[in-house]
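# Residue-level structure breakdown
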Amino acid sequence: MIGLISATAAGAAARDRLAAAWPDRTRVYEGPVGDAVRAAFTQCEQLVCFLATGAVVRLVAPLLSGKTADPGVVCVDEGGRFAVSLMGGHAGGANELAREVGELLGAEPVVTTATDAVDLPGLDTLGLPVEGDVAGVSRALLDGEAVALRAEVAWPLPPLPVAAEGSYTIRLTDRLVETAEREVVLRPPSLVVGAGASKGAPVEEVLDLIEGVLREAGLSAASVAELATVDAKAGEPGLVEAARRLGVPLVTYSAGELAAVDVPNPSDAPLAAVGTPSVAEAAALVRGGELLVPKRKSAAIPAMATCAVVRRPGRGRLAVVGLGPGARDLLTPRAKAELRRACVLVGLDQYVDQIRDLLRPGTRILQSGLGAEEERARTAVEEARKGQAVALIGSGDAGVYAMASPALAEASDDIDVVGVPGVTAALAAGAILGAPLGHDHVSISLSDLHTPWEVIERRVRAAAEADIVVTFYNPRSRGRDWQLPKALDILAGHRAPTTPVGVVRNASRPDESARLTTLAALDPATVDMMTVVTVGNTATREIAGRMVTPRGYRWQEEPE
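Source: prediction; values computed, not measured. Every chain is numbered independently, its residues counted from 1 as its sequence is written. It should be noted that, the model being predicted, local features are given only for residues of pLDDT at least 70 and side-chain atom pairs only at 80 or more, the latter also being counted only at that level, while totals for whole chains, interfaces and linings use all residues. Each side-chain value is derived from all of the structure's non-hydrogen atoms; neither hydrogens nor water enter the calculation.

For alanine 507, the location among the structural elements is in the loop between β24 (500-505) and β25 (513-518). Under the scheme applied here, a residue whose accessible area is under 20% of the maximum for its type counts as buried, over 50% as exposed, and between as partly exposed, the area being computed with a 1.4 Å probe on protein chains only. Among the residues examined, alanine 507 registers a relative accessible area of 11% and is labelled buried. Here the alpha-carbon distance between alanine 507 and proline 159, two residues 348 residues apart in the chain, equals 32 Å. In what follows, residue pairs with any heavy atoms lying within 4.5 Å of each other are defined as contacts. When residues no more than four places from it in sequence are discounted, the contact partners of alanine 507 are Pro325, Ala428, Ala429, Ile432 and Glu512. A run of DSSP states H or I qualifies as a helix once it reaches four residues; a run of E qualifies as a strand once it reaches two. Both are numbered from the N-terminal end.

Rendered as structure tokens:
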């Protein structure tokens, strides 16, 4: 919960805007400011104070206990110009909250955390348990000193400016190790504990077994991602409470799923009890991985709990990102976040240049020229299969005549794939022209590089006969100068010569140009590959210099 505190009418107005925008996330604290701040500090995970920073410092100073326990605090000035991350930037989430508040109120977020200020991901913001000299290693990264990354487990990380060797170390491991001097240990959630339990098994017996097995195997409990068992044990109190104390979900599988898993130590007892010859080993192995610890029984007599431990490999992550038509303000916040998250960026060289300044230091860039779409798709998938966090970029929406199709044709279920939509060229051009896509519409590429012309022509003819607004992508190039005239001739057989046609070149870019003409007057020689051509249907009209397709056909019934 986010506590909201204000002292003036202007502050209350801004406060109420946040409360209205985030009704489920916020709570307004009324009354004397000091009392409100003290109450919110103890009751909320975060605070937004519409007060001077000095006043808030004096109020919260006696309440501070430690960076991992204190809430994040953001201050917004009286004029609503700045949202200042005052404390708890990382642990309390104040840095991100300042950005959110700034976006909603139109204020400038002020973040002074050193790593954020120079666009480095904080080691304590990676979503992984972290131990060791976080401050020292972070300072070394900031100072440009050599910091080595020793990844004992493959796991997707955001870009970090690391080296093969260095006097400081970031160690990624699920092993039970002590942190050395000048070292940070990151704990990936790579371990799965499979568990079986007799009815009424005490939680202490279950926990003692799990913790003892991990300790003997030299594995860290901080890397346990889940506790897994059979569906029949989903409500077993000892397992439910053990998962709660470990801070992990209790994941269950059907007896049939577990019975299909090949395990080294099957048994007749669980087969008779729950319908599968293995619970602990099978539940740990059902989604693949390396069996580190075979089935072990608890020390009690009779033993009421079993467990096994599996290491699952880190799954690479491929984000297929649409950059929009070119303008920076049409690049979505989600796309920006994925670009900052990726440690490997794959894309067409000219698109890489568009967003290079948004990448974090240390991002590895793999770029190539025109005509290498399949190669880029394969490269992106291969990098993701190595356990990397990869962004594959394309213009517009990556799923529209762009990189999503070839990438997903290469990808299998061994990596995670995330699609990030973008504003398409057709949408950008439509907004410039007016509202040409107000009714049914279709996009057709006139490039026969990947599609035979016979197929393209059949699609154009179908759109013409169906009276659908058509947006032509890739309409004309130096080597393809006859396809657009042919497509326009097909449409002319079904639409009047006065049908509005919008021509937009480099939509949303600095050299954008747009004009409205007609089907009869359009000169194909004025069109190139950077142009989008939108041909209206029989209801489309030019109104006040804008191209408009009504949502219905009533205008056709009205007198001219």
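Right, picking up where we left off after that structure.
So, about the pattern of salt bridges. Salt bridge criterion: a side-chain nitrogen from Lys or Arg within 4 Å of a carboxyl oxygen from Asp or Glu. As enumerated under the stated definition, the model contains 27 salt bridges in all. Here arginine 245 makes a salt bridge to glutamate 241, at a shortest N to O gap of 3.0 Å. Highlighted residues: arginine 245 and glutamate 241, both in helix α8 (residues 237-246), separated by four residues, approximately one helical turn. Among the ionic pairs, aspartate 414 bridges to arginine 385, the shortest N-O distance being 3.1 Å. With aspartate 414 in the loop between α15 (404-410) and β20 (416-420) and arginine 385 in helix α14 (residues 373-385), this pair connects stretches of sequence that are 29 residues apart. Each of Glu204, Glu241, Arg244 and Arg245 takes part in salt bridges that share partners, so that together they form one network.

Paired strands, as defined in this entry, are two strands with at least two bridges between them according to DSSP. The three strands lie next to each other as β21-β28-β27, forming an open sheet whose pairing is mixed. Every other strand in the sheet has two partners, leaving β21 (434-435) and β27 (541-543) as the edge strands with one partner each. Two strands pair when backbone bridges link them, and β21 and strand β28 (residues 546-548) are joined in this way by two bridges, in the parallel orientation. Bridging from a neighbouring strand, alanine 435 pairs with valine 548 of β28.

Spatially, five strands are ordered β18-β17-β19-β16-β20 in an open sheet, and the strand pairing comes out parallel. Of all strands in the sheet, those with a lone pairing partner are β18 (364-368) and β20, marking the two edges. Pairs of neighbouring strands in the sheet enclose a mean axial angle of 15 degrees, with direction left out of account. Sheet topology places strand β17 (residues 344-348) next to strand β19 (residues 389-394); three bridges connect them, and they run parallel. Counterpart to leucine 345 in the pairing with β19 is alanine 391. Strands β16 (317-322), β17, β19 and β20 of the sheet are contacted by helix α12 (residues 333-341), whose axis makes an angle of about 140 degrees with β16. Only the contacting stretch of a helix is used when fitting its axis, a line to C-alpha atoms as for every element, and angles between N-to-C directions run 0 to 180 degrees.

What follows deals with the packing of aromatic side chains. Geometry of aromatic contacts follows a simple scheme: Phe, Tyr and Trp rings, the Trp one being its six-membered ring, pair when their centres are within 6.5 Å, and the pair is stacked under 30 degrees between planes, edge-to-face over 60, tilted otherwise. Taken as a whole and judged by the stated rule, the model has two aromatic pairs. Centre to centre, the rings of tyrosine 401 and tyrosine 473 are 4.8 Å apart; their planes meet at 50 degrees, and the pair counts as tilted. In this pair, tyrosine 401 sits in the loop between β19 and α15 while tyrosine 473 sits in strand β23 (residues 469-473), placing the two residues 72 residues apart along the sequence. According to the relative accessible area criterion, tyrosine 473 is buried, its value standing at 11%. Across from the ring centre of tryptophan 22, 4.4 Å away, lies the NZ or CZ of arginine 25, which sits over that ring. Only Lys NZ and Arg CZ are tested; either one counts as a charge over a ring when it is within 6 Å of the ring centre and within 35 degrees of the ring normal.

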